[in-house]
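Single-letter residue listing:
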Amino acid sequence: MKRRNVIAIALTLAMALMADRAIAAATQSAPAQVQPASIEPEFSPTLPPIGYVAFCARGEDECQYQGKVEKLQLTGEKWDQIVQVNTYVNNTIRPATDMEVYGVVEYWAYPVDAGDCEDFALLKKRYLAGLGINPDELLMTVLLDEKGEGHAVLTVTTDQGDLVLDNRRNEILRWDHTGYKFLKRQSQQDPKKWVSLQKNTTQVLVGSKAN
């Protein structure tokens, strides 16, 4: 059985055990189908996060897909999957710093039971890809939060705008409703390359805090 199918089955079984929470989360309304907003412009290629470079150097599947420029058609089924995965991962993984889990300042990985912001995002991407959503539409993204601190989320590029899956909340928000300053994210053409969302983007440490 293909690894992706195994992931999808495992996720389905896990969701069945927490059906009350998943169903409640799925009652969140999908974004209105008017004036979709995408994160733009993408200014230029930029350096990927140091932790992501090491992550890909380990040969992780997340770095292997073939990039294409497209947006997810946000059907009711896809919306429910996105909300359920975001809720499931947020409720299952315990927030913890890389230093607490791995003994280093920054280490990107799929979490087992604990991890920090980028670990949450990586796991959500793996689960959504396992459920059939094209990885090209699931982009790791680095930003500054309301306090000006580094943070990582998963951005889903859809025909109704770019949506943010955040370990700090179960609610799915469109990027321009988060209050965050978006710095850079994966290129849709090549998962190992990143593009700047600001004119001047520097390296930002995102693993120093659990959330």
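Every chain begins its residue count from 1, and numbering advances along the sequence as written. Per-residue local features are limited, in this predicted model, to residues with pLDDT of at least 70; the limit for side-chain atom pairs, both in listing and counting, is 80 or more; totals at the level of whole chains, interfaces and linings are taken over all residues. Note: side-chain values were computed over all heavy atoms of the structure, leaving out hydrogens and water.

**A short note on the packing of aromatic side chains**
Operational definition: Any two rings among Phe, Tyr and Trp, with Trp reduced to its six-membered ring, count as a pair given centres within 6.5 Å; such a pair is stacked if its planes are under 30 degrees apart, edge-to-face if over 60, and tilted if neither. Think of it in three bands: with a 1.4 Å probe and only protein chains considered, a residue is buried below 20% of the maximum accessible area for its type, exposed above 50%, and partly exposed in between. Lysine and arginine charges are scored as sitting over a ring when NZ or CZ, respectively, is within 6 Å of the ring centre and within 35 degrees of the ring normal.
Going through the model one piece at a time under the given rule, you end up with nine aromatic pairs. Plain terms: the ring middles of Trp-175 and Phe-182 are 5.8 Å apart, the flat faces sit at 80° to each other, and that makes the pair edge-to-face. What makes Phe-182 buried here is its relative accessible area of 3%. Joined through ring pairs, the aromatic side chains of Tyr-52, Phe-55, Trp-108, Tyr-110 and Trp-194 make up one cluster. A cation over a ring is seen here: Arg-126 above Tyr-110, with NZ or CZ 3.6 Å from the ring centre.

**So, a nonpolar patch on the surface**
What counts here: Put simply, a patch holds well-exposed residues, over 30% relative accessible area, that have no salt bridge, with like charges counted together within 9 Å and Val, Leu, Ile, Met, Phe, Trp or Tyr side chains within 5 Å. Values of accessible area rely on a 1.4 Å probe in the Shrake-Rupley scheme; residue burial ignores everything except the protein chains shown. In what follows, salt bridge is the name for a side-chain nitrogen of Lys or Arg lying within 4 Å of a carboxyl oxygen of Asp or Glu. Numbered from the N terminus, helices here are DSSP runs of H or I no shorter than four residues, and strands are runs of E no shorter than two.
On the surface, Val-101, Tyr-102 and Val-104 cluster together into a nonpolar patch covering about 200 Å² of accessible area. Relative to the elements of secondary structure, Tyr-102 occurs in helix α5 (residues 98-102).

**Let's talk about the environment of Trp-194**
With respect to the secondary-structure elements, Trp-194 resides in strand β9 (residues 194-196). For the pair Trp-194 and Thr-141, spaced 53 residues apart in sequence, the C-alpha separation works out to 9.1 Å.

**Description of the side chain of His-151**
As a reminder of what qualifies: In protein, a polar contact means a hydrogen-donor-capable atom and an acceptor-capable atom, both N or O and within 3.5 Å, with residues adjacent in sequence counting only if both atoms are side-chain atoms; elsewhere, any N or O pair within 3.5 Å suffices.
Residue placement: His-151 occurs in strand β5 (residues 150-158). According to the relative accessible area criterion, His-151 is buried, its value standing at 0%. Within the local environment of His-151, its side chain forms a polar contact with the side chain of Asp-166, the two groups lying 2.9 Å apart.

**Brief notes about the state of the cysteines**
In a disulfide, the sulfur atoms of two cysteines are held together by a covalent bond. Cut-off, in case you're wondering: Two cysteine sulfurs form what is called a disulfide whenever their separation falls within 2.5 Å.
Inspection of every chain in the model, using the stated rule, returns one disulfide. Bridging Cys-56 to Cys-63, the disulfide has an S-S length of 2.0 Å. Since a negative S-S torsion denotes a left-handed disulfide, the Cys-56-Cys-63 link at about -85° is left-handed. Classification of Cys-56 as buried rests on a relative accessible area of 11%.

**Section: the pattern of salt bridges**
Throughout the structure, instances matching the rule amount to six salt bridges. When the shortest N-O distance is used, the salt bridge between Arg-58 and Glu-60 registers 3.8 Å. Close ionic contact of Arg-168 with Asp-145 constitutes a salt bridge, the shortest N to O distance being 3.2 Å. Linking Arg-168 in the loop between β6 (161-165) and β7 (173-174) with Asp-145 in the loop between β4 (138-144) and β5, this pair joins segments that are 23 residues apart in sequence. Exposure remark for Arg-168: the relative accessible area of 32% places this residue in the partly exposed category.

**Focus: the sheet that holds β4**
Our working definition: At least two DSSP bridges between two strands are needed for those strands to be called paired. Throughout, a residue-residue contact means that at least one pair of heavy atoms, one from each residue, lies within 4.5 Å. Every angle, taken between N-to-C directions, lies between 0 and 180 degrees, and every axis is a line fitted to C-alpha atoms, over only the stretch in contact when it is a helix.
Across the sheet, seven strands lie side by side as β1-β9-β8-β4-β5-β6-β7; this open sheet has antiparallel pairing. This sheet does not close on itself; its edge strands, each paired only once, are β1 (45-46) and β7. Both β4 and strand β8 (residues 181-186) contribute to a ladder of four bridges, which runs antiparallel. Residue pairing for β8: Leu-143 is matched across the bridge by Phe-182. Relative to the sheet, helix α6 (residues 117-130) contacts β4, β5, β6 and β8, its axis offset from that of β5 by approximately 20°.

**Considering the nonpolar core**
Selection rule: The set of buried Ala, Val, Leu, Ile, Met, Phe, Trp, Tyr and Cys residues whose side-chain atoms join them within 4.5 Å is what this entry labels a nonpolar core.
One finds Phe-55, Ile-82, Val-89 and Leu-128 to be the most contacted residues of the largest nonpolar core, which totals 31 residues. At the level of elements, α3 (50-57), α4 (76-92), α6, β4, β5 and β6 are the ones that each hand at least two residues to this core. Contacts of Leu-128, omitting those with residues within four sequence positions, involve Gln-81, Ile-82, Val-85, Ile-133, Leu-138, Leu-154 and Leu-165. If you look at the next biggest cluster of nonpolar residues, it comprises seven residues, including Ile-39, Val-164, Phe-182 and Leu-197.

Interpretation note: all reported values are geometric properties and have no functional meaning in isolation.
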